[in-house]
Amino acid sequence: QVQVAESGGGLAQAGESLRLSCATSREIARYKAWAWYRQAPGEQRELVASISNDDVTNYVDSVKGRFTISRDLRKNTIDLQMEGLTPDDTAAYFCNAPIGETRFHFPWGQGTQVTVSS
């Protein structure tokens, strides 16, 4: 079964940066959109950022101006550059290719944990 694999998480202090990467064996350009999601303990998974196949991006208000989603067609990855991290960004981060709002092309991966200390 084709899966996605997230990487790049870790520990950071408030104000620092991290770069997450999402890889899959499928060609990422085949999909209309990709997105990063996050889930904090006890919370529902939320959409953080999305990018279409013509590189139109959207962000949840809480990360606008701090996070940047991009597609690297050469490496076949979807990346999330996160700057100005705050403790509120602490969560497990996941990527997927959404089909509308509630369906996804891939089963959820294991995610990558981001923990930000104050």
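Residues numbered from 1 in each chain as written. Predicted model: local features only at pLDDT ≥ 70, side-chain atom pairs only at ≥ 80, totals over all residues. Heavy atoms only, no water.

Student: Describe the environment of A29, and please don't skip the residues or the numbers.
Tutor: You can see A29 is positioned in the loop between β3 (18–24) and β4 (33–39). Its relative accessible area of 35% is what places A29 among the partly exposed residues. Excluding anything up to four places from it in sequence, A29 contacts R71 and L73. (Helix = DSSP H or I, 4+ residues; strand = E, 2+ residues; numbered from the N terminus. Buried < 20%, exposed > 50% of the residue type's maximum accessible area, 1.4 Å probe, protein only. Contact = heavy atoms within 4.5 Å.)

Student: So what about the nonpolar core? Which residues, and what values?
Tutor: W34, W36, F67, I69, L80, M82 and Y93 are the most contacted members of the largest nonpolar core, which totals 27 residues. With sequence-adjacent residues up to four places away left out, I69 is seen in contact with W34, A35, W36, A49, S50, I51, T57, Y59, I78, D79 and L80. (Core = buried A, V, L, I, M, F, W, Y, C linked by side-chain atoms within 4.5 Å.)

Student: Lay out the sheet that holds β4 with the relevant residues and their values.
Tutor: The strand order β2-β12-β9-β4-β5-β6 describes an open sheet built from 6 strands, whose pairing is mixed. Strands at the two margins of the open sheet, each flanked by one partner only, are β2 (10–13) and β6 (57–59). Within the sheet, the average angular offset between the axes of one strand and its neighbour, ignoring direction, is 20 degrees. Of the strand pairs in this sheet, strand β5 (residues 46–52) and β6 are connected by 3 bridges, and their pairing is antiparallel. Of the residues in β6, the one forming a bridge with S50 is N58. (Pairing = 2+ DSSP bridges. Axes fitted to C-alpha atoms, helices over the stretch in contact; angles between N-to-C directions.)

Student: Got a sec to walk through the pattern of salt bridges? Specific residues and values, please.
Tutor: Considering all chains together, one arrives at 7 salt bridges under this definition. The partner of R38 in a salt bridge is E46, with the nearest N and O atoms 2.7 Å apart. Overall, the relative accessible area of 6% leaves R38 in the buried class. For R71, the salt bridge goes to D55, with nearest N and O atoms at 2.9 Å. Of this pair, R71 sits in strand β7 (residues 67–72) while D55 sits in the loop between β5 and β6, and the two are 16 residues apart along the sequence. Judged by its relative accessible area of 17%, R71 is buried. (Salt bridge = Lys/Arg side-chain N within 4 Å of Asp/Glu carboxyl O.)

Student: Quick one: what's the story with the sheet that holds strand β1 (residues 4–7), residue by residue and with numbers?
Tutor: An order of β1-β3-β8-β7 is seen for the 4 strands of this open sheet, with the pairing classed as antiparallel. The open sheet has two edge strands, β1 and β7, and neither has a second partner. Pairwise comparison of adjacent strand axes, ignoring direction, gives a mean angle of 15 degrees for this sheet. Judged from the 4 bridges that link them, β1 and β3 form a sheet pairing that is antiparallel. The partner of A5 across the bridge, within β3, is A23.

Nothing here speaks to function; it is all geometry.
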